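Chains, contacts and geometry: an overview
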Amino acid sequence: MRANTWAGRNKVEVRDVPDPKILNKRDAIVRITSTAICGSDLHLVDGYIPTMQDGDILGHEFMGEVIEVGSGVSADTLRVGDRVVVPFPIACGACAACAAELYSCCENTNPNAGIAEKMFGHPTAGIFGYSHLTGGFAGGQAQYARVPFADVGPLKIESELSDEQVLFLSDILPTGYMGAEMCDIQPSDVVAVWGAGPVGQFAMDSARVLGAAKVIAIDKEPYRLRMAEQAGHTPVNFDEVDVRSTLLELTGGRGPDKCIDAVGMEATHGSAHIAAYDRVKQAVRSETERPHALRQAIMSCRSGGVVSVIGVYGGLMDKFPAGAWMNRSLTLRTGQCHVQRYMKPLLQRIERGEIDPTRIITHTLPLDEAEHGFDIFKNKQDNCEKIVLKP
Amino acid sequence: MELTATTTIRRSASEVYAFWRDLENLPTFMAHLEQVRSTGDRTSHWSAAAPFGKNVEWDAEIIDETPGEKLGWRSTANADVPNAGTVRFVPAPDGESTEVHVVLVYDIPGGAVGKAVAKYFGEEPHQQLDDDLRRLKQVLETGEVVRSDGAPWGKRALKEFPQRPAQPLSDAELEKGADA
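Quick summary incoming for the structure in this document. This one's a predicted model, so the numbers in the text were calculated from it and none came from an experiment. (Residues numbered from 1 in each chain as written. Chains lettered and ligands numbered in written order. Predicted model: local features only at pLDDT ≥ 70, side-chain atom pairs only at ≥ 80, totals over all residues. Heavy atoms only, no water.)

Residues and elements named next belong to chain B. Sheet architecture is open: seven strands sit in the order β1-β7-β6-β5-β4-β3-β2, paired in antiparallel fashion. One side of each edge strand has no neighbouring strand; the edge strands of this open sheet are β1 (2-9) and β2 (33-38). Adjacent strand axes in the sheet meet at a mean angle of 20°, parallel and antiparallel pairs treated alike. (Pairing = 2+ DSSP bridges. Helix = DSSP H or I, 4+ residues; strand = E, 2+ residues; numbered from the N terminus. Axes fitted to C-alpha atoms, helices over the stretch in contact; angles between N-to-C directions.)

Spelled out as structure tokens, the structure:
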């Protein structure tokens, strides 16, 4: 089959690889009809997540048709021919974390748990196409994928919704939604979202659906801010204005009640010397993060507010504003999305027309053009917001 | 050398105990064990993979047993590497899980055998036992040892680093299996 693979830093390559086979009894094989490039794939390609190997198949947002199931998958959960969206964290459904619906912290699905434990203190779940640290599972930017614990994760789509309407249930829609949900949004809340990429856009839409009074989008790409504005959110361009004073102006001096970091480890900063400080530290590997968005969110949030982090961080950061966090009674909440928890309720919101996930799609490309896709997505060319790949 | 490790498994103490008490189950999750064969109610014959492709074999006997709570064993006669182990099964505070506490003791001899054993365990001997217990948890909670494309052979994962790429195995690799 054809698959998009990691070929070293800043290089992806679509190659011929073997077709997947059943390795565990509860596996299924899915013929992929739609898959996507995620902003977090850029962290892999840019070389900031360790334990990638040449030839690793990328991709953790995919859906398709079940073409084979293992002997341990009962017919009342999944059958050949079912149309499914596959959540990016692989979860066993049986451990204490899964019982608590903390699926991305599943205790059983990472065969390389020992490495993850060294980096994070305790291991995390396996993830499709996301380094050997998260298990070494082949990803979904391919014609076919093996899906472990197929009786737990995949969501069956039984209505006539298009791939484009449901594909993002695999990651970015639930991730954005969880970012808003962690904010415990009240009707009077002003919610500020750092990052108007796909996850940020969905965090904004979710904040609105959950009842926020006003949603602010912070980014520097005019086309991304326009997209947010068209969806009814208030844009702030950090290349043009001072974010802190603009947020104070927009909130009567209080600061946003809830702040969402939808940027993560590779933030850019309007101030050249601060950007250079973290860029250099990251380049010499004495810091794994460039946490400008998170620092600014913490400094901006009103006292007693919530800072919700859904942008990806991988290791250690410098100059965490612990004083602001502690003295101003901020609550910091975070997590890799527990996608399985949100798929059904969000599918219902899509069916009811409350959220339109298709609004962020700017490009649809054949799988074989994945390399071009990564290029324009990374370099923000051609107003690229979200790319769907067709195998 | 004494190794300790612990894990919590979402199964009752009696279930976890019963699985462990059937010593023939141990090689399904313990990386170094090739086979354990029951030779009597309390006696068994163990074989383990050793360096240089050799197998080491020894007899063991259960010397301490409280059903659902505790199991202790030790090697008998003149084992090359005299060893003993105890495992305790303790109900976890959540009321449904079981804490498994393992202690293994190896009496590593001098000379070539001792050196080979030391080399086998490497710089982090406890890592292997930690991984063994992770696989025990996988087997009891999910039914089998979880495999990925990078680590397709279950309990050999540690030896496989750096791993094969995260892409499906070829037919030839599958045919060769874990001994590839």
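A few words on the interface of chain B and chain A. Listed by partner, the interface residues are 31 residues for chain B and 39 residues for chain A. Summing both partners gives a buried area of about 2,800 Å² for chain B against chain A, and 51% of it is carried by carbon and sulfur. On the chain B side of the interface with chain A, the three residues burying the most area are B:Arg134, B:Ala166 and B:Pro168, jointly 19% of the side's total. Where chain B packs against chain A, one counts 25 residue pairs in polar contact (both at pLDDT 80 or more). Secondary structure elements with two or more residues in the side of chain B that touches chain A: α3 (125-142) and α4 (171-176) of chain B. For the side of chain B that touches chain A, the class distribution of residues is 12 nonpolar, eight polar and 11 charged. (Contact = heavy atoms within 4.5 Å. Buried area = accessible area lost by both parts, 1.4 Å probe. Polar contact = N/O pair within 3.5 Å; in protein donor to acceptor, adjacent residues only side chain to side chain. Nonpolar A, V, L, I, M, F, W, Y, C, P; charged D, E, K, R; others polar.)

This part covers the packing of aromatic side chains. What the rule picks out here adds up to 11 aromatic pairs over all chains. Relative to A:Trp325, the ring of A:Phe320 has its centre 5.5 Å away and its plane inclined at 80°; by these criteria the two rings are edge-to-face. Overall, A:Phe320 belongs to the partly exposed group, its relative accessible area being 29%. Look at A:Trp325 and you get partly exposed, because its relative accessible area is 36%. Taken together through their ring pairs, the aromatic side chains of B:Tyr17, B:Phe19, B:Trp20, B:Phe29, B:Trp46, B:Trp58, B:Trp73 and B:Phe89 make up a single cluster. (Phe/Tyr/Trp six-rings, centres within 6.5 Å; stacked < 30°, edge-to-face > 60°. Buried < 20%, exposed > 50% of the residue type's maximum accessible area, 1.4 Å probe, protein only.)

Next up on the list: the layout of surface pockets. Residue and element names in this part refer to chain A. Roughly 870 Å³ of volume is contained in the second largest pocket. Lining the second largest pocket we find 33 residues, and of these Phe-120, Val-312, Tyr-313, Gly-314 and Gln-336 sit closest to its centre. Listed by contribution, the elements that provide at least two residues to the lining of the second largest pocket are α3 (113-120) and β15 (331-334). When grouped by side-chain class, the residues that make up the lining of the second largest pocket number 19 nonpolar, 13 polar and one charged. Both domains that meet at the lining of the second largest pocket, namely domain 1 (2-171 + 337-390) and domain 2 (173-334), each give it at least three residues. (1 Å grid on protein atoms, 1.4 Å probe; cavity = no way out; pocket = protein on both sides within 12 Å on 5 of 7 lines; lining within 4 Å. Points joined across faces, edges and corners; volume = space filled by probe spheres on them. Domains from an automatic or database assignment.)

Residues and elements named next belong to chain B. Relative to each other, helix α1 (residues 13-21) and α3 sit at 115°, their axes nearing to 12 Å. Between α1 and α3, the angle falls in the class roughly perpendicular. Read as a crossing pair, α1 and α3 show a hand that is right-handed. Between α1, through Val-16, Phe-19 and Trp-20, and α3, the contact on the second element is made entirely by Leu-133, Leu-136, Val-139 and Leu-140. The class makeup of the residues in the contact of α1 with α3 is seven nonpolar, no polar and no charged. (Parallel < 35°, antiparallel > 145°, perpendicular 65-115°, else oblique. Left-handed = near helix turned anticlockwise from the far one by under 90°.)

Across a sheet, strands are paired by hydrogen bonds formed along the backbone, either parallel or antiparallel in direction. Residues and elements named next belong to chain A. In space, the six strands of this open sheet follow the order β12-β11-β10-β13-β14-β15, with parallel pairing throughout. The open sheet is flanked by β12 (234-237) and β15, the only strands paired with a single partner. Neighbour-to-neighbour, the strand axes of the sheet open up by a mean angle of 20°, direction not taken into account. Of the strand pairs in this sheet, strand β11 (residues 214-219) and β12 are connected by four bridges, and their pairing is parallel.

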